[in-house]
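Next come the chains, spelled out residue by residue.
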Amino acid sequence: MTTTSILGASEAELRRDRTSVKWLAYPPDVLPLWVAEMDCDPCPAVADAVASAVSRGDTGYGWAPRYAGEVARYAGETWGWDVDPSSMLVVTDVMIGASEVLRMLTDERGAVVVSPPVYDSFFGFVDAIGRRRVDAPLGADGRLDPEALRAAFREATAGGGRVGYLLCNPQNPTGTVHSPDELATLATLAREFGVRVVADEIHAPLVHDDGPAFSPYLTVPGAEDAFAVFSPSKGWNLAGLKSAVVVAGPQAQDDLARLPEVHTHGSSHLGEIAHVAAMRDGLDWHARLRAELRSNRDLVGRLLAEHLPAVRWTVPQATYLGWLDCRALDLGDDPAAAFRERGRVALGSGPRYGAQAGRGFVRLNFATSPAILEEAVRRMATAVG
Ligand SMILES: Cc1ncc(COP(=O)(O)O)c(C=O)c1O
């Protein structure tokens, strides 16, 4: 087994090798730790499978049952989630899948509830499908808040239309792994108000081994009429090789059948090949990656304590994202702007993840080398000092 680190590339190597948005969106003197891409070496099983497919000319359309079957096997072996591939629809990617399910389950100009701070594109996709957004913010502890959910469900359903709730499980940007009890409470409330839940579970493979286990939403009691959307793209850094599945709970099969089959046409055959290789042959690599992410997460904690002791964070249970409370630094509502302009380091801007809930916060992506993390926190400290 190789001992080389997966997250070891230097800044010079990354600038030479990467043409993705993370590395090109800012001038070269700005260190990028913003968008959710990893600075990892590729998973060899994935690189081999994609290179081989391209060289063989296997670049046509995908065969959805092969992909759905592999997701079902992975979900069963990883989380003990017994899911039938026939309850899945293969789709372009997670957000297209989630938004098309929400479009089907809700009424035009009806409401979709979300829980900020949350992945910023949730807001954009709710807008894109012409739905009204109602917020049920996480509590101050970063966890689902039953009272906020109840109030939002009441407000969203008051007009009588069909309403959806878009769950982020685990939560981006806080790294919260929602517990089975929290999810069951959500399911009970959703049933009470007739709200249909769609669970975005893209971050599930990135739950850290030293915390609570991931619970697929469709495995909790009361969630039988819900949908989940999953892709290994985030866990293996394959955003450029798109595919995903929509999974319908046992009481949502009729709704699944109403989703137009043409949505399957957006899935990339090369994406499916990459994802199948990841889930089948990339598990040892992934365990090593998770260990490095955990070690980076702990390094971020030490660096913050040393250089920016006024910054508060809750150690994430999942993801490679640190949600940093910078309110004590007096950098205003959007500290990422000050870090970028004065420190030349690009972080996720807190208010993007929720105008209220993200005020004074930044999101730091620690899926990079320890050396880059040290430089990034040092730069953040210069922006303050
Ligand atoms: C919670 C969440 N969902 C979806 C996505 C994007 O997934 P996709 O490209 O498959 O739509 C991201 C990307 O960061 C994310 O964090």
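Okay, so let's go over this structure. (Residues numbered from 1 in each chain as written. Predicted model: local features only at pLDDT ≥ 70, side-chain atom pairs only at ≥ 80, totals over all residues. Heavy atoms only, no water.)

Let us look at the site of the ligand. Taken together, A36, D93, V94, M95, Y119, C168, N172, D200, I202, H203, K234 and K242 make up all the residues around the ligand. The contact in question runs from an oxygen atom of the ligand to an N or O atom on the side chain of N172, over 2.8 Å. Taken by itself the ligand offers 400 Å² of open surface, and the protein chains cover 91% of this. Class assignment for the residues of the shell around the ligand results in six nonpolar, two polar and four charged. (Near = heavy atom within 4 Å. Polar contact = N/O pair within 3.5 Å; in protein donor to acceptor, adjacent residues only side chain to side chain. Areas by Shrake-Rupley, 256 points an atom, 1.4 Å probe, with all protein chains shown as cover. Nonpolar A, V, L, I, M, F, W, Y, C, P; charged D, E, K, R; others polar.)

Before going further, it helps to examine helix α5 (residues 94–105). Between its terminal C-alpha atoms α5 stretches 16 Å, which fits the 16 Å expected from twelve residues at 1.5 Å a residue. Among the twelve residues that make up α5, ten are buried, leaving the element largely enclosed by the rest of the structure. (Helix = DSSP H or I, 4+ residues; strand = E, 2+ residues; numbered from the N terminus. Expected span 1.5 Å × (residues − 1). Buried < 20%, exposed > 50% of the residue type's maximum accessible area, 1.4 Å probe, protein only.)

The full count for this structure, using the stated rule, is 29 salt bridges. Among the salt bridges present, the one from R103 reaches E100, with a minimum N-O distance of 3.0 Å. Of this pair, R103 and E100 both sit in helix α5, separated by three residues, roughly a single helical turn. Judged by relative accessible area, R103 falls into the partly exposed class, the value being 38%. E100 sits in the buried class, given a relative accessible area of 16%. Here D209 ties to R294 by a salt bridge, and the two come within 3.6 Å at their closest N and O atoms. Taken together, the residues D209 in the loop between β6 (196–200) and β7 (227–230) and R294 in helix α11 (residues 283–307) connect sequence positions 85 residues apart. (Salt bridge = Lys/Arg side-chain N within 4 Å of Asp/Glu carboxyl O.)

Now for the environment of E77. Mapped onto the fold, E77 is located in helix α4 (residues 64–79). As for E77 and R150, which are separated by 73 residues in sequence, their C-alpha atoms are 35 Å apart. A distance of 2.6 Å separates the side chain of E77 from the side chain of R73, its partner in a polar contact.

Further remarks concern the packing of aromatic side chains. Enumeration over the complete set of coordinates arrives at eleven aromatic pairs. Where F153 meets Y165, the ring centres are 5.7 Å apart and the plane angle is 75°; that geometry is what we call edge-to-face. In this pair, F153 is assigned in helix α7 (residues 146–157) and Y165 in strand β5 (residues 164–168), connecting sequence segments twelve residues apart. By the ring-pair criterion, three or more aromatic residues cluster together here, those being Y74, W79, F214, F230 and W236. Between the NZ or CZ atom of R133 and the centre of the ring of F123, over which it lies, the distance is 3.9 Å. (Phe/Tyr/Trp six-rings, centres within 6.5 Å; stacked < 30°, edge-to-face > 60°. Lys NZ or Arg CZ within 6 Å of the ring centre and 35° of its normal.)

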